[in-house]
Each structure stands twice: as structure tokens, then as C-alpha cells.
Amino acid sequence: MATPMVRAEAVHKSFGRNQVLRGIDIEVAPREVMCIIGPSGSGKSTFLRCINHLEKIDAGRLWVDGELVGYREHGGRLHELPDREVCHKRSEIGMVFQGFNLFPHMTALENVLEAPVRVKREPVAAATERGRALLDRVGLGDRLDAHPRQLSGGQQQRVAIARALAMQPKLMLFDEPTSALDPELVGDVLNVMRDLAHEGMTMIVVTHEMGFAREVGDSLVFMDSGAIVEAGSPRDVIGNPQQQRTKDFLSKVL
Amino acid sequence: MVVLIVLGAVVDTFATSSLRWSVVGQYLFDARILQAAVVTLYLTAIAMVVGVGLGILLAVMRLSPNRVMAWVSWLYIWFFRGTPVLVQIFFWWNINTILPYLSIGIPFTHVMVQASTNTLVTPLLAAILGLGLNEAAYMAEIVRAGIISVDHGQTEAAQALGMRRSLVMRRIVLPQAMRVIVPPTGNETISMLKTTSLASIATVHELFFVQQDISNFNYKIIELVIVASLWYLAMSSVLTVFQYYIERHFARGSVRGLPPTPIQRLRRMLFQFHAAPPFGSAAEPDGEPWLPPAMPHSGM
């Protein structure tokens, strides 16, 4: 079997005395779409942020594509990698945020070009061509020169997805990508994500969109208070939950 | 009414005083005064460049996760903000009394470059050091306020794209912080323009020193103070206009559309008066049919 794209082993994380992750074990295969659901404060966003080392983990191991994230192991102990190497690893992992976090002083196209040109040092002309194509693909080919504030939430989030894809990542992390959107704008963003999944992108999606999880997801994980309560195929977890906490949660969101 | 009475009294006092406006006019464009105004502007510019450059460095150090860097920056700000500028200029001007020679040498060798402090630290350099290093302490706090005003999500998004710390600061955070940094920096520049008068203690031939130099001979003290004040006022007015346009430049992206500048507004007003005289008024030129101006937004 191929190396898993993401493998987590007993990942722990605390903020002060507050234990946010209490031992997470997960495996995501290449081309798999995993959705993570759970009540707010269950640690699902924190776990996602550990995968690209935006948060440091306190204990456990986390691999992306067979390599430890943010650390190197030496003599049985973990040593944090220098900024340069952490950044290189992050450049292979795309991330989409709940609040879009587009760069407001740049146009849509400039947002998409920034990382390929400045981090990967791609020639501007080639990057521009690909950036235009990406924005076209997310349905914003006519808004290249718009600033984020001139775009709707849904359009901003689609630019953010194009921005992440511009780095040609092997893994995409989505942190509640539609939670800040008006209901009628959610569909466009989910469509873009659905297309991406069909093209074979490995994706981990923290979401409240049960329809998307059921239809697009290959696996579903339910988290509560820092632990995985139940995991399996979306059909099983949603249709036939085994744990009482999963049932309680699903009865509230479905 | 009260205002008018007070105003009248003030005007009366000046009118009956022995102040001679002709003397003011005579010295306003005196070559020495003009040259001093240039020195004042030059000193303001250099001191602000030193202040802003060093201030950005200090602010980034202050916010660095490296404790030593943050501490050094804190200590710098504490010291330079806690002592008067006048004292600092005076210190640099007299540095030769404790350090007669400055030397740079390569360690463990005898290769050394040595220079007399007196020739190296000219009055102008003493003033630049005093004003610039002091300004850096204030600018550091202004820049720091700008940096922390930028949403942390911006840094995270940039980091998630694989951008390194220095790149995130230069490309993402600082450009957005400028909107917060520019207005107080404009204030600082205008303040600096006037603070350069303290350089007179180091015998720099700037505006205040030169006007004093002249009035020491002719005793027209108030007249020359007015000459200097008029120049300070004129130069700070020009700086205010610069500040307006710089602020506008950095507001891009934060508002959907920029309001017109006063000049654009004036031009538009004149254009409309010219193009659309009120109907039925005698202002309409006879014979010539009046056509509405082609507006870009008329939907035609």
C-alpha cells in the first residue's frame, strides 16, 4: 500500500491547562477526502492547524507524505526544524480558512501570484498564465483585478482556494470553508471543492455541511472534546452511528 | 461679540507696537534665511529617514519571538524616549570630549583606521544622530502599533503558503500596517520640522540658528522670529499636503472607492458650472444650442 498522505499517531496539544487534543490517530490515503465534524471546541480546527505546523504539537507524531511535520527525529527525540524547512513543508500543503484571509492590499490575481512568485520563484509570466487559469476555473476569470473587499464572501473564498492551488499542493486543508458565508453563496464554494475532489486531490475538510460530507467524503470523523469518537464511511457514521454522543450531535445538525 | 473685542484688542496692540512689517518683508527672502530653510528641510528629511528605518527594525525586534532582540529593543526605546532630545543632541555634539579618537580595527591584527572625533562628528552629524536616534524610539512604537493592528489571520494565511517570517513581514504585514503608520508618521515629520530648531545648540545653520544670528546684530528680534515662523508654517503646510496624498495611496484596498481629492472636487465643480448653466438663465450663449456633457456613467 502507498504511504498515507497524512498519518497521525497519539497527537496531543494543550493551550496552557486546557487540553485540546487528547491523542488523535488518523490515516488519510492519497486521493482520499476526509471530513471532520464535531461541536465547536472539539479540537477539529486545532488538529487541522497541527497538520501544517501552524500549531506545535506537544506529544505524538504527525507525518505528511511520509515525513514528520515540523520536526526531525534524532536519537528518539524530536527537534523542531528551522523556519526555512518548516516553510518548505508548508508550501506543499494548501490551506483554506473560515475567514478567507485574502490579502486585502492585493487584487485577486496578485493574491494568487504572491506565493508562486515569491516562495517558489516562478517566472511572473508563467505564474500569471496559471493564475488566470485557476481563477477562471473557480469561476472568477472576469474578476482578476478586483480587490477582496469588492468581492462577495463566496467569491473571496473561491479566490482563496485558487491561491492555495497555485502552489500545486499535494494536500488541501479546509477549515470550515463555508461557515462564514451567506447560505446562497455556500453552493458555489462547495461545487469548486467537489470538482477538486473528483480530480483526485487529497483533502481534509472540517465542516458542518453534512450533505457535502455524505456525498463527497470518502471517510468521516466525529470529534468531541479533543478525541475521535467515531470514524468510518460517511454512510455508516451518519446513517448508523454507534456512539451516543454521535447520535446526540447528529440529531442536532441534521 | 467677545471674540471680536478680544481680536480688536490684539490687532490694536500689534498696530501700536513698534513691530515693523517692512523688516519682516526685507528678511523673508534673505539669502541666509533661504539657505537656512533648506538646511532645516534637509535635516528633517535625514532625521526622519534614520528614524523610520531604525524604528521599523526596532519594532520588528520588539515583536520577535527572540527574547534578547525584544529586550534590546525595549531598552533602546526606554532610554531614548526617556531623555530629552536637546540633551541627546548636546551629548553627540560634545562626544569628542570623552572620545577624542574613533578607530575601527580588525581584531587580533594591528590594522586600524583612526579618525579624530572632532572632524568626524560635525555639528550636522551630531544633530542627525540626536534627532534621528530619538525619533527611532517614537517611530518604533508607531510601527509596532501598525503591525499589531493587522489581523493575525493574514500572517497565518501567508505562513500556510510557505512564506518565511521576513517575507510575511515585508510583503503582507507592513504594507497593511502602513494605513495605521502613515498618519502619525506625518505628525512626527511635521513635529520634526520644528524640533530641528534644537539643532541650533550644536551650531547647525538651520532656520532658528540663522535668524538668531541675524537678530544678534540688528536687534530686530521679533521681526526675525516672525520670518522664521512664516517659513516653518509654509514648510509644514506643504508637508500636510504630501501626507494627504500618501495616506490616500495606502488606503487602497481598505475602502471600496476613494473620495475625490479637493483638487478633483474643485475641477469637477468648475466643470459642472461651465457645462450646465441653470435653465432659462441669461448665461446661455445665444444661438448656440446647449448640449449636455457626455457623461461616462449615463448608460448610453
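As a convention, each chain's residues are numbered from 1 in the sequence order in which they are written. Here every chain gets a letter starting at A, and every ligand a number starting at 1, in the order they are written. In keeping with the predicted nature of the model, local features appear solely for residues at pLDDT of at least 70, side-chain atom pairs appear and are counted solely at 80 or more, and the whole-chain, interface and lining totals rest on all residues. Think of the side-chain values as coming from all heavy atoms in the structure, minus any hydrogens and water.

Caption draft 1: Quick peek at the interface of chain A and chain B. Pairs of residues are marked as contacts when any of their non-hydrogen atoms sit within 4.5 Å. Each side of the interface is counted separately: chain A has 27 residues, and chain B has 21 residues. By buried area we mean how much accessible surface two parts lose on assembly, using a 1.4 Å probe and totalling the loss over both. Together, the buried faces of chain A and chain B total about 2200 Å²; carbon and sulfur atoms form 56% of this surface. Any Lys or Arg side-chain nitrogen located within 4 Å of an Asp or Glu carboxyl oxygen qualifies as a salt bridge. On the surface where chain A and chain B come into contact, there are three salt bridges. A salt bridge links B:R164 to A:D83; its shortest N-O distance comes to 3.9 Å.

Caption draft 2: The packing of helix α2 (residues 21-28) of chain B against helix α11 (residues 221-250) of chain B, seen in detail. Residue and element names in this part refer to chain B. Lines fitted to C-alpha atoms define the axes here, with helix axes fitted over just the stretch in contact, and angles between the N-to-C directions of these axes take values from 0 to 180 degrees. By the criteria applied, helices consist of DSSP H or I runs no shorter than four residues and strands consist of E runs no shorter than two, each listed in order from the N terminus. Here α2 crosses α11 at 50 degrees, and the two axes come no closer than 9 Å. With respect to α11, the element α2 is oriented oblique. For the pair α2 and α11, the crossing hand works out as right-handed. Of α11, the residues touching α2 (which contributes W21, V23, V24, Y27 and L28) are E223, L224, I226, V227, L230 and W231. The cut-offs work like this: below 35 degrees is roughly parallel, past 145 is roughly antiparallel, 65 to 115 is roughly perpendicular, and the gaps in between are oblique. Crossing handedness follows the turn of the near helix against the far one: under a right angle anticlockwise gives a left-handed crossing, and clockwise gives a right-handed one.

Caption draft 3: Seen up close, the pairing of strand β7 (residues 77-80) of chain A. All names here are of chain A. Being paired, for any two strands, means DSSP has found at least two bridges between them. Relative to β7, strand β6 (residues 71-74) runs antiparallel, the two sharing four bridges. Its bridge partner being in β7, R72 is matched across the sheet by H79. Here β6 folds back onto β7 in antiparallel fashion, the turn holding two residues, of which G75 has a positive phi close to 60 degrees.

Caption draft 4: Just unusual backbone geometry, in detail. Even without glycine at this site, A:N101 takes up a positive phi of about 55 degrees. With respect to the element layout, A:N101 can be found in the loop between β8 (93-96) and α3 (108-118).

Caption draft 5: Seen up close, the pattern of salt bridges. Residue and element names in this part refer to chain A. For the structure shown, the criterion picks out 21 salt bridges over all chains. D188 is paired through a salt bridge with R158; the nearest N and O atoms lie 3.9 Å apart. Highlighted residues: D188 in helix α6 (residues 183-198) and R158 in helix α5 (residues 153-165), separated in sequence by 30 residues. The closest approach of N and O atoms between D224 and R245, which form a salt bridge, is 3.4 Å. Of this pair, D224 sits in strand β11 (residues 219-224) while R245 sits in helix α9 (residues 244-253), and the two are 21 residues apart along the sequence.

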